[in-house]
Structures are given as C-alpha cells and as structure tokens.
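# Residue-level structural notes
Residues per chain, in single letters:
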Amino acid sequence: MSDLGDWFRSIPLITRYWFAGSIAVPLVGKLGLVSPVSLFLWPDAFIHRFQIWRPITATFFFPVGPGTGFLYLVNLYFLYQYSSRLETGAFDGRPADYMFMLLFNWICIVVSFCSSSNFEKYFDSSLLMIPLIMSVLYVWAQLNRDMIVSFWFGTRFKACYLPWVILGFNYIIGGSVINELIGNLVGHLYFFLMFKYPMDLGGRNFLSTPQFLYRWLPNRRGGVSGFGVPPASMRRAAEDQQGGGRHNWGQGFRLGDQ
C-alpha cells in the first residue's frame, strides 16, 4: 500500500485530482450511493431545471460494467499518461496555465453538448470524460507532432496522428466516434488559439489565463521538464520572442517510456 501511495503522490497535482475524481465518481455510481442518472449531463435538466452539478459530475463519471470496463480503463490510462506529460512538460511550473487549458476545453465541450437541439440523436452518451481526455491528448500530440510514437502491435507513426489512431481504436473497442471527435476539435481549437495563431502566424493571443488562477495556483520555479518539443516553426517563433519567458517546451518523451 505504501508503494501505491507513493505512486499516487508522485502524480502531478492537477492530474492527481482529475485522476482521483475519475475513479471516485464512477465508484460512487457503481455502488449505488448516488443514482448514475443524476451524474449524466442532460442539457434540459442543466439549463432549465438548474441542476448545475451535472457538467462537473459528467466530467468524472463513466458507467463501468462488463461492456464498458475495458474502455474505461484505457481512457483512464490516457488521462494519467498525457495529462501528466503536459502538466510536467510544456506547462511545467505553470499550474494556472494548465488549469486554464482544462477549463477552456471543458467549457467548449459543455457548450458543444448543450447546444445541439437534437442532442440524443447525435451523442451516444451524456458524459464528458472521453472528450476532455482526448482534448488533452490532442494538445500533447501537436506539441510533439514530429516525434515517432509506438502503439499496439508495434505500429509506429508520428505523434500528430495519435489522436486519430486512438479515435479509431476507441470506436473499435466500444466508444463513440462523436465523443472522440469533439475532443480532438476542442483540443485543436485551444492549440490553434494558444500556440499556432500567435506564434506561427503572428496573430494576437486571444487566450489569457485569468489572474485569479495565478493567485490560486502560483507559478513556481524549477521542477522537471522534458516532455514536449513544438514544431520547428514554433521553436523559431519562440526563440524570436525570448525574454518574456512564457513557454518552456523542454525535450521529447517517447510513448511507452517509463
């Protein structure tokens, strides 16, 4: 148990709470302590009945059962791996900026789920866990797009293709293409507005971390980096802007390394 506790405490702070919540909330629903129906995101109940907890519980909840258990574990693994790599890599020492990325992606996903007039026609479930994980994975893949990664059965390809490979993989094992697609599109929106447009295309930065997040999660010096290398064009743009110290990209991290 001490080894398990040490491993859990070694998980980066934000990822640790997200990971723990993604275990605790499904467990509560599985044990029947809370009705799983109250944990889903139903737009009508959220908007018209003011059940404001639903977007939050739907982010952590996943119906674990004989037909969904493997899909749940796979996505829990993706959460741990890629959230940890982003938090200790490109966002190393900047927890407020990482929290802002999660909040931005989460809000975009909630809006996309609630804005459909025929919600049940287009979405297989009312859960936000997979889309949010996929949005984080997409950002990591774009920041490491030229890295060669390994997937099941020894297949190797560039990291920029990983979100789409996982989309197909999750579909095969029982997921919803729509959920994964929304996650990829939201991740692309964040990546474009935060990195691509201002750094590669010379545009203005539309996204800025609110000051209250810096007060809540202040930046820290030091830490361990070494998880992400942006595309060459972004590195050149970052080098031209050196002095502000806004981004710390670090080195590469190969999929599957310990």
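The rules behind these values
- Residues numbered from 1 in each chain as written.
- Predicted model: local features only at pLDDT ≥ 70, side-chain atom pairs only at ≥ 80, totals over all residues.
- Heavy atoms only, no water.
- Phe/Tyr/Trp six-rings, centres within 6.5 Å; stacked < 30°, edge-to-face > 60°.
- Helix = DSSP H or I, 4+ residues; strand = E, 2+ residues; numbered from the N terminus.
- Buried < 20%, exposed > 50% of the residue type's maximum accessible area, 1.4 Å probe, protein only.
- Lys NZ or Arg CZ within 6 Å of the ring centre and 35° of its normal.
- Expected span 1.5 Å × (residues − 1).
- Axes fitted to C-alpha atoms, helices over the stretch in contact; angles between N-to-C directions.
- Parallel < 35°, antiparallel > 145°, perpendicular 65-115°, else oblique.
- Left-handed = near helix turned anticlockwise from the far one by under 90°.
- Contact = heavy atoms within 4.5 Å.
- Nonpolar A, V, L, I, M, F, W, Y, C, P; charged D, E, K, R; others polar.
- pLDDT = per-residue confidence, 0-100.
- Patch = residues over 30% accessible without salt bridge, like charges linked within 9 Å, V, L, I, M, F, W, Y side chains within 5 Å.
- Areas by Shrake-Rupley, 256 points an atom, 1.4 Å probe, with all protein chains shown as cover.
- Salt bridge = Lys/Arg side-chain N within 4 Å of Asp/Glu carboxyl O.
- UniProt positions renumbered as here; feature names shortened; annotations may be inferred.

## Description of the packing of aromatic side chains
Under the criterion given, the structure shown has 17 aromatic pairs. Seen from their ring centres, F40 and F61 are 5.5 Å apart, and the 65° between their planes marks the pair as edge-to-face. Of this pair, F40 sits in the loop between α2 (13-30) and α3 (43-48) while F61 sits in the loop between α4 (54-60) and α5 (69-87), placing them 21 residues apart in sequence. Each member of the pair, F40 together with F61, is buried. Here a set of aromatic residues connected by ring pairs shows up, and it is made of F100, F104, Y190, F191 and F195. Sitting over the ring of Y82, R85 keeps its end group 5.2 Å from the ring centre.

## Things to note about helix α8 (residues 129-143)
Its 15 residues give α8 an end-to-end C-alpha distance of 22 Å, which sits within 8% of 21 Å, the value for a rise of 1.5 Å per residue. Of all 15 residues that make up α8, 15 are buried, and the element is covered over most of its length.

## Some words on the packing of α8 against helix α10 (residues 177-200)
Close contact between α8 and α10 brings their axes to 7 Å; oriented N to C, the two are set at 45°. By the angle class used here, α8 and α10 are oblique. When you trace α8 past α10, the crossing you get is right-handed. Seen from α8, the contacting residues are I130, P131, M134, S135, Y138, V139, Q142 and L143; seen from α10, they are N179, E180, G183, N184, V186, G187, H188, Y190, F191 and F195. Here the contact of α8 with α10 is composed, by residue class, of 10 nonpolar, seven polar and one charged.

## Re unusual backbone geometry
With phi around 60°, F50 is a residue other than glycine that occupies positive phi space. By secondary structure assignment, the location of F50 is in the loop between α3 and α4. The class for F50 is exposed, based on a relative accessible area of 63%.

## Some remarks on the confidence of the model for the protein
In this model, the protein carries an average pLDDT of 81, and 80% of its residues clear a pLDDT of 70 or more. By mean pLDDT, the top-scoring element of the protein is α2 (95), and the lowest-scoring one is helix α12 (residues 232-240) (44). The model gives residues 223-230 a pLDDT under 50, and that stretch makes 35 contacts with residues more than four places away or in other chains. Considering only residues more than four positions removed or in separate chains, one finds that residues 232-258, a stretch of pLDDT under 50, has 54 contacts.

## Remarks on a nonpolar patch on the surface
Residues W164, Y171, I172, V177, I178, L181 and L185 make up a contiguous nonpolar surface patch of about 670 Å² in total accessible area. Looking at the nonpolar patch, the element that brings in the most residues is α10, giving four residues. Inspection of the secondary structure assignment puts W164 in helix α9 (residues 162-172).

## Things to note about the UniProt feature "transmembrane region" (unreviewed entry) in the protein
UniProt tags residues 17-43, 55-78, 98-115, 122-141 and 161-193 as "transmembrane region" (unreviewed entry). Note that residues 55-78 is 67% helix and 0% strand, and that its end C-alpha atoms are spaced 21 Å apart. Between the C-alpha atoms that bound residues 98-115 there is a distance of 26 Å. The span itself is 94% helix and 0% strand.

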